[in-house]
Amino acid sequence: MDSLTDSKPASASRDWSFPVEGMTCAACATRIEKVLRRVPGVESASINLAMESAAVRTAGDVGFDALRGAVEKAGFRVGEQELRFAVRGMTCASCAARIEKVLMRQPGVVSATVNLATEIAEIRLVPGQSSSSELMAAVKRAGYELLAAESPADAPPPAAGIAIGEGARVAISAALSLPLVLPMLAELAGRHWMLDGWLQFALAAPVQFWLGARFYRAGWKALRAGAGNMDLLVALGTSAAFGLSLWQLAASREAMPHLYFEASAVVITLVRLGKWLETRAKRQTTEAIRALNALRPDTARVRRPDGDVEISLAQLRTGDTLVVRPGERLPADGTVLEGESQVDESLVTGESLPVARAVGDRVTGGAVNGDGLLLVTVTAVGAETTLARIVRLVENAQAAKAPIQQLVDRVAAVFVPVVMGIALLTLLGWGLAGGDWERAILNAVGVLVIACPCALGLATPTAIMVGTGAAARRGILIKDAEALELAHELRIVAFDKTGTLTRGHPELLACEPVDAATSAGELLGLAAAIQSGSEHPLARAVAEAARRGGAPVTGASDLRALPGRGMSAVVAGRVLRLGSTRWMIETGIDAMTMQALAGPHEAAGRTVSWLAEDGAARCPLGLLAFGDEIKPEAAGAIRALHAIDVRTVLISGDNARSAGAVARTLGIDDVRAEVLPEDKARIIGELRSAGGRVAMVGDGINDAPALAAADVGIAMSTGTDVAMHAAGITLMHGDPALVADAIDISRRTYTKIRQNLFWAFAYNVIGIPLAAAGLLSPVVAGAAMAFSSVSVVTNALTLRRWKGTK
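Reading the values: the criteria
- Residues numbered from 1 in each chain as written.
- Predicted model: local features only at pLDDT ≥ 70, side-chain atom pairs only at ≥ 80, totals over all residues.
- Heavy atoms only, no water.
- Helix = DSSP H or I, 4+ residues; strand = E, 2+ residues; numbered from the N terminus.
- Buried < 20%, exposed > 50% of the residue type's maximum accessible area, 1.4 Å probe, protein only.
- Contact = heavy atoms within 4.5 Å.
- Areas by Shrake-Rupley, 256 points an atom, 1.4 Å probe, with all protein chains shown as cover.
- Lys, Arg positive; Asp, Glu negative; His and termini not counted.
- Charge placed at Lys NZ, Arg CZ, Asp CG, Glu CD.
- pLDDT = per-residue confidence, 0-100.
- Pairing = 2+ DSSP bridges.
- Axes fitted to C-alpha atoms, helices over the stretch in contact; angles between N-to-C directions.
- UniProt positions renumbered as here; feature names shortened; annotations may be inferred.
- Salt bridge = Lys/Arg side-chain N within 4 Å of Asp/Glu carboxyl O.
- Parallel < 35°, antiparallel > 145°, perpendicular 65-115°, else oblique.
- Left-handed = near helix turned anticlockwise from the far one by under 90°.
- Nonpolar A, V, L, I, M, F, W, Y, C, P; charged D, E, K, R; others polar.

Colleague: I would appreciate a short explanation of the overall build of the chain in the present structure.
Modeller: Scanning the chain for helices and strands turns up 29 helices and 31 strands. Seen through its principal axes, the chain has C-alpha atoms that stretch 120 × 70 × 65 Å. Scored against the burial criterion, the 806 residues of the chain give a buried share of 53%. For the chain, restricting intrachain contacts to residue pairs at least 6 apart in sequence, the fraction spanning at least 24 positions comes to 68%. Summing over all exposed atoms, the chain offers an accessible surface of approximately 34600 Å²; the carbon and sulfur share of this is 56%. Once the 79 positive and 81 negative side-chain charges of the chain are each reduced to a mean point, those two points are 5 Å apart.

See below:
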């Protein structure tokens, strides 16, 4: 999309060019043009249907929001793009809030989220309104820096890269500050080791103006941009203590006046120590992504006509044949072409035991081959591999903001101005009331130094980062922070049956003709003909049974599928229907006859389908009964949910008796059977109204509406991409026991968030009044400030020990 063209100098008009989505015909383009031309100030509007773009000329002060609103009012969408940047120069939550405000003021920016913990900015904007360079320039004017970054794991914060240098600076600062502190400690023991005042100045000055220069630089940038941050508070506080000491030293006639060089030096040392420890701890929060990225081998061995060659991963293409030796990692996703082996997928899917893989089986890039040689046909490379998709999901979840973070953002936006106001009141109050301006300055310094917006900004994102990383190692992929936050409130979990609680590989167990003129072989052949083009699990079971039994399968025409009911087709001139009992009753088949025949099968938990002919008697041609083995883990999964006070519901399109038999076997609390796909979302709403937050667990296309309607959708990765797209959480190896684990890690993460926020607010709510009251020295205040951020991150890191509910 071309960049914006501005022709204001000549005619005070402006040309806009932006994408429009949702158009299907020329009538759509015409309607959008009419709507845009009705916007006051629009001189002309032209829609290009082929390019799906709009070209608009406006006069006066018409903004882009007015144009976008008109397009949306017409029922269409303005296209958006997503950009990701690494952010440099942030020190606290106020910095993140400031950058978000700056970005949101740029033309075309729809949303901007800055994560203090990952130091990543995610921006959604309309193409053609603001370029990457313009966004970078705007942020740079605010005193920060944006750098293009695909992944926080691939582009770690510079602070991590210079950790050794920062550690050395902290050591130098501590070495210079220690001689200033030791005499104070000796004083408590009755020893008088106080250094000469000018020697104290010589030790404190390098700490203040060399090692503390970063606070001046960052504070000045924030002040110049009309904002405040932690650096400004530290710079003001330590400068006041240092300046007071220097004035006392120069102006006092006493041999040893009261000096506070140790306060300014120790505060800077402690704050730098705290930021260094915080950076080291934050590096550990991205451990999950780094571990996943480490699973990608640098090269792949590919079979060519003239022999095996080793190539870089970037050269690998779909269709290539990989040679994977025992003990090697699979470079990409693929299908086994030759060989058998045990494959360890634990670091990719969380599956603890190696799984057998043979010809025709799918294998996942990043998994470790066991003791067999495998030839694998590559099916996905690069960003399309399972491993790459897992990394993206984890990154997106870690970068996103949980709803609870909105409270923190509102506090951070006013934090620094409020603290500076309290410090000013402290100064004036102590100085005017008691006349002791020296004490007043020290107490104001204590207020400035104890205030800690860092802990507030880190409380939520660090817990989310560690929680989502721990879940990923267990095979639970959490798509966004909202799903993680909502999952802790779940009271009901609704399950689909096939492929979720059962293996999803049904077998045809019975084929019983009802019409005397139809043999079992003919019945099976007709059913196979109707379902010849279907990928439904029941259709595959019929096809397999027909192949094994040698049943005659003729061609079918006029195939029609009715979701949740069945299929119809014309086979050998006969109009046939194959589907559920419910559909047969709707089309006039005698219910009593079907119930008598299906009863024993349904009581055994089998799924029953019927074959009937249009225009024939009210009796079906026959029934087909299917059995799908219940997953061994399913009963334990239900017990685990009951153990954490979560009700369970089975929502199935199967008949009531079959669904009820499965529910009784597993101990499920409630059953909703014979449910059409379009009704599953409605039932989710009913459950929510009756019992609170609801999760839906499913794996098929038919489950997608219910997954989207639930408070938290949980999809099996063994199912369809549609289901996984609609869900907020994906279980990587189809184990329903992971549902309880997902709820457990959500509850633990949310507990950590609440603990972190409590301590972050407590440090400030308690510390600032104590400092204002003169009950905290600047040194103690600096130590508390440094400890607050470190304690918040360290508390979040305890989630790394989580191993699941088993």
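Colleague: Can you walk me through the confidence of the model for the chain in this structure?
Modeller: Low pLDDT marks stretches whose predicted atomic positions should not be read closely. Chain-level statistics for the chain give a pLDDT mean of 82 and a share of 91% at 70 or above. Confidence drops under pLDDT 50 across residues 1–11; counting only partners more than four residues distant or on other chains, this segment forms 24 contacts.

Colleague: Any chance you could explain the sheet that holds strand S21 (residues 507–513) here in plain terms?
Modeller: Strands belonging to one sheet form pairs held by backbone hydrogen bonds; the direction of such a pair is parallel or antiparallel. Spatially, 6 strands are ordered S21-S26-S25-S24-S23-S22 in an open sheet, and the strand pairing comes out antiparallel. Only two strands of the sheet have a single neighbouring strand rather than two, namely S21 and strand S22 (556–562). Put simply, the sheet's adjacent strands are angled 15° from each other on average, direction ignored. Across 5 bridges, the pairing between S22 and strand S23 (residues 566–571) is antiparallel. In the strand pairing of S23, Ala 556 is matched with Val 571. Of the strands in this sheet, S21, S22, S23, strand S24 (574–579), strand S25 (607–613) and strand S26 (622–627) are in contact with helix H19 (residues 520–530), which crosses S21 at around 125°.

Colleague: Explain the pairing of strand S6 (residues 81–88) to me, please; I cannot follow it from the model alone.
Modeller: Remark: a regular strand shows side chains that alternate across the two faces of the sheet. For S6, the buried fraction is high: 6 of the 8 residues fall into the buried class. Inspection of the sheet shows S6 paired to strand S8 (residues 120–125) by 6 bridges, in the antiparallel sense. Paired with Arg 84 across the two strands is Glu 122, which belongs to S8. As judged from the 4 bridges shared by S6 and strand S9 (residues 145–148), these two strands associate in the antiparallel manner.

Colleague: Whenever I open this one, the sheet that holds strand S19 (residues 476–478) confuses me. Can you help?
Modeller: If you trace the 7 strands from one edge of the open sheet to the other, you get S19-S31-S30-S29-S20-S27-S28, paired in mixed fashion. Edge positions in the sheet fall to S19 and strand S28 (670–672), since each of these pairs with one other strand and no more. Going across the sheet, the axis of each strand differs from the next one's by a mean of 20°, ignoring polarity. Two elements, strand S20 (residues 490–495) and strand S27 (residues 647–651), share 4 bridges in a ladder whose sense is parallel. Of the residues in S27, the one forming a bridge with Ile 492 is Arg 647.

Colleague: Explain the UniProt feature "domain: HMA" (unreviewed entry) in the chain to me, please; I cannot follow it from the model alone.
Modeller: The feature "domain: HMA" (unreviewed entry), as given by UniProt, occupies residues 14–79 and 81–147 in the numbering adopted here. With 33% helix and 36% strand, the stretch residues 14–79 has end C-alpha atoms that lie 20 Å from each other.

Colleague: How do you make sense of the UniProt feature "transmembrane region" (unreviewed entry) in the chain when you look at a structure like this?
Modeller: Listed under "transmembrane region" (unreviewed entry) in the UniProt record, and renumbered for this structure, are residues 198–216, 228–249, 255–274, 411–432, 444–466, 757–776 and 782–799. Annotation note: span residues 198–216, helix share 95%, strand share 0%, distance between end C-alpha atoms 23 Å. Across residues 411–432 one finds 100% helix and 0% strand; the C-alpha atoms that close the span lie 30 Å apart.

Colleague: Explanation requested: the pattern of salt bridges in the structure shown.
Modeller: When charged atoms on two side chains of opposite charge get close, those side chains can pair. In this structure the tally under the stated criterion is 28 salt bridges. Note that Glu 122 and Arg 84 form a salt bridge whose closest N and O atoms lie 2.5 Å from each other. You can see Glu 122 sitting in strand S8 and its partner Arg 84 sitting in strand S6, a full 38 residues away along the chain. Assessed through its relative accessible area of 24%, Glu 122 is described here as partly exposed. Given a relative accessible area of 16%, Arg 84 falls into the buried group. Across the pair Asp 679 and Arg 682 runs a salt bridge, and its minimum N-O distance is 4.0 Å. Residue Asp 679 and its partner Arg 682 are both found in helix H25 (residues 677–691); the two are separated by 3 residues, about one turn of the helix. Accessibility expressed as a relative area gives 19% for Asp 679, which makes it buried. Owing to a relative accessible area of 44%, Arg 682 belongs among the partly exposed residues under this scheme. By sharing partners, the salt bridges in this structure join Asp 670, Arg 672, Asp 679, Arg 682 and Glu 686 into a single network.

Colleague: Help me out: how do you make sense of the packing of helix H2 (residues 26–37) against helix H3 (residues 64–73) in this one?
Modeller: When two helices pack together, you describe them by how their axes are tilted relative to each other and by the distance separating the axes. For the pair H2 and H3, the least separation of the axes is 9 Å and the interaxial angle reads 140°. Compared by their axis directions, H2 and H3 come out oblique. Crossing angle aside, the handedness with which H2 passes H3 is right-handed. Contact residues: H2 offers Ile 32, Val 35 and Leu 36, while H3 offers Leu 67, Ala 70 and Val 71. Taken together, the residues that form the contact of H2 with H3 break down as 6 nonpolar, no polar and no charged.

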